[in-house]
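# Coordinates in review
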Amino acid sequence: MKMHEGVRRPDRREVRPETVFPYRGMWPILILACLVSIAGQAPSSPAADRLVVYSGRAERLIKPVLDAFQARTGIQVDLLSSGTTELVNRLQVEGERTQADVLITNDAGSLERARELGLLRPLSMPETERAIPSQFRAPDNSWVGLSGRFWIVVYNTTRVKPGDITSILDLAAPRWKEKIAIPNSGSEYLQAGVSVIKATYGDEKTKRFLQGLKANAGTQVYQKSSQIVEAVAKGEADVGLVNHYYVYRHLATQPGAPIALLMPDQYEGGMGAIMNVAGVGVVRHTRHLDGAKRLVEFLVSQAGQKMFADLNKEYPLHPEVKADPALLERKTFRAATVPLARLAELREPTVTLIEQVGLR
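Residues numbered from 1 in each chain as written. Predicted model: local features only at pLDDT ≥ 70, side-chain atom pairs only at ≥ 80, totals over all residues. Heavy atoms only, no water.

### What to know about the overall build of the chain
Helices and strands together make up the secondary structure of the chain, namely 12 helices and 11 strands. Taken over 360 residues, the chain has a buried fraction of 57%. For the chain, contacts bridging at least 24 residues in sequence account for 79% of all contacts bridging at least 6. Total accessible area on the chain is roughly 14,800 Å²; 50% of this is exposed by carbon and sulfur atoms. (Helix = DSSP H or I, 4+ residues; strand = E, 2+ residues; numbered from the N terminus. Buried < 20%, exposed > 50% of the residue type's maximum accessible area, 1.4 Å probe, protein only. Contact = heavy atoms within 4.5 Å. Areas by Shrake-Rupley, 256 points an atom, 1.4 Å probe, with all protein chains shown as cover.)

Encoded structure:
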């Protein structure tokens, strides 16, 4: 599989929070900046047996699955990886001239926003509808969820007892002053998680949570989830907020690390765990619709879903595919009930709230 290097993810520490959010009025300057940043990186014109995939996922999380598709079908996949923001903006500007066939992101809200902008193609694919439950698909199937992840609390087992925390909101309490590690304000994971809290509890309670989070984290604000897990494992922080699979990946290489995860908000009347999905959509102006649909079918098939489960430690969305046995059994905990499609409409007011609080 061919990769287009040089299109790196933006270093969020280098970017002001407001510049990483793509939908705030679609500033011409931002779009221009994005185009300039990735100019000259366009894949070569795809032939009939090629697909161009724009991916907002880390390459290590998607490339093995695309390689398997390529090996199985003989269809070459040209992968262009960048931030989801840049890719959605790029698709919007390229319009009918785009060479992209498929868009993959790590966030349902971004896919829904791409659908609202008319960048994705509604699909009638009975096999896909049978494979992926409706709550993980757009109503018109213009995007389809591929794998699930949960925003959880990772804690140092020498310093924290599981019963010390029952809700993510607990992390705003004064007892956690200078003891927590959090993602920075540009994190899509943070924005999606706060969006769910905002939809559940409203602005005022969410703002108080963010203020407490800021005060308690101090300087322990990180760009990467792996850095948060590392900080907790080293005892630099007692607890942190990350996606669940980062804990399992750390333990796979360092099984003696004093860390564990806690699935919060499971008490009676609680919000439930915050879930998001990685997903895929076929670009509206694809020139290779049949190949693009074959890729989607492979990604949601049992074979594709098993790869997400085995390699990434994510929760497969196909009901007949089991998660990695090391993970908490999915049936043992509840997810928050905020529909994934709402993450798009919630994103901008959430980012505004995050900015008002002044999270780094």
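### Some points on the packing of aromatic side chains
Under the counting rule described, the total for this entry stands at five aromatic pairs. Clustering of aromatic rings is evident, with ring pairs tying together F150, Y315 and F333. The ring of Y201 carries the charged tip of K205 above its face, separated from the ring centre by 4.3 Å. (Phe/Tyr/Trp six-rings, centres within 6.5 Å; stacked < 30°, edge-to-face > 60°. Lys NZ or Arg CZ within 6 Å of the ring centre and 35° of its normal.)

### Thoughts on the pattern of salt bridges
Oppositely charged side chains may form a pair once their charged atoms are brought near each other. Summed over all chains, the structure comprises 17 salt bridges. In this structure, K63 and D67 form a salt bridge, with 3.0 Å as the shortest nitrogen-oxygen distance. Of this pair, K63 and D67 both sit in helix 2 (residues 59-73), four residues apart, which is roughly one turn of that helix. The class for D67 is partly exposed, based on a relative accessible area of 26%. A salt bridge links R342 to E345; its shortest N-O distance comes to 3.6 Å. Each of E112, R115 and D140 takes part in one network of salt bridges that share partners. (Salt bridge = Lys/Arg side-chain N within 4 Å of Asp/Glu carboxyl O.)

### Description of the pairing of strand 8 (residues 239-243)
Here strand 8 lies mainly inside the structure; five of its five residues are buried. Burial along strand 8 is two-sided: V239, L241 and N243 and G240 and V242, pointing in opposite directions, are all buried. In this structure, strand 5 (residues 144-156) lies alongside strand 8, joined through five bridges in antiparallel fashion. Paired with V154 across the two strands is G240, which belongs to strand 8. Of the strand pairs in this sheet, strand 6 (residues 180-183) and strand 8 are connected by two bridges, and their pairing is parallel. Residue pairing in the sheet places A181 in a bridge with G240 of strand 8. (Pairing = 2+ DSSP bridges.)

### Section: the confidence of the model for the chain
Note: predicted coordinates in regions of low pLDDT should not be interpreted at a detailed level. The pLDDT averaged across the chain works out to 88; a share of 87% of its residues lies at or above 70. Below a pLDDT of 50 lies the segment residues 4-46, which in the model reaches 86 contacts outside its immediate sequence neighbourhood of four places, other chains included. (pLDDT = per-residue confidence, 0-100.)

### Section: unusual backbone geometry
Positive phi is not limited to glycine here, since E178 has a value of about 60°. With respect to the helices and strands, E178 occurs in the loop between strand 5 and strand 6. You can call E178 exposed: its relative accessible area is 60%. The phi dihedral of K313 falls on the positive side, at around 60°, and the residue is not glycine. Along the chain, K313 turns up in the loop between helix 11 (302-312) and strand 11 (315-316).

### Thoughts on the environment of E320
Checked against the element boundaries, E320 lands in the loop between strand 11 and helix 12 (343-357). Judged by relative accessible area, E320 falls into the exposed class, the value being 60%. Put simply, E320 and K306 are 14 residues apart on the chain and 9.9 Å apart in space, counted from C-alpha to C-alpha. Within polar-contact distance, the side chain of E320 engages the side chain of Q302 at 3.1 Å. (Polar contact = N/O pair within 3.5 Å; in protein donor to acceptor, adjacent residues only side chain to side chain.)

### Concerning the nonpolar core
Of all hydrophobic cores here, the largest spans 109 residues; its most connected members are L103, F150, V239 and L299. Per-element accounting of this core gives the leading share, eight residues, to strand 5. Aside from chain neighbours lying at most four places away, what touches L103 is Y54, L87, L91, L111, A114, L120, G279, V280, G281 and V283. (Core = buried A, V, L, I, M, F, W, Y, C linked by side-chain atoms within 4.5 Å.)

### Digging into helix 8 (residues 225-233)
Where helix 8 is concerned, the buried positions are S225, I228, V229, A231, V232 and A233. Just downstream of helix 8 lies G235, where phi reads positive at about 85°.

### Quick word on the packing of helix 2 against helix 11
Helix packing geometry: the angle between the two helix axes and the distance between the axes. It is at 10 Å that the axes of helix 2 and helix 11 come closest, and there the two elements cross at 145°. Note on packing geometry: the crossing formed by helix 2 with helix 11 is right-handed. Across the interface between the two elements, R60, L61, I62, P64, V65, A68 and R72 of helix 2 pack against A303, M307, F308, L311 and N312 of helix 11. When grouped by side-chain class, the residues that make up the contact of helix 2 with helix 11 number nine nonpolar, one polar and two charged. (Axes fitted to C-alpha atoms, helices over the stretch in contact; angles between N-to-C directions. Left-handed = near helix turned anticlockwise from the far one by under 90°. Nonpolar A, V, L, I, M, F, W, Y, C, P; charged D, E, K, R; others polar.)

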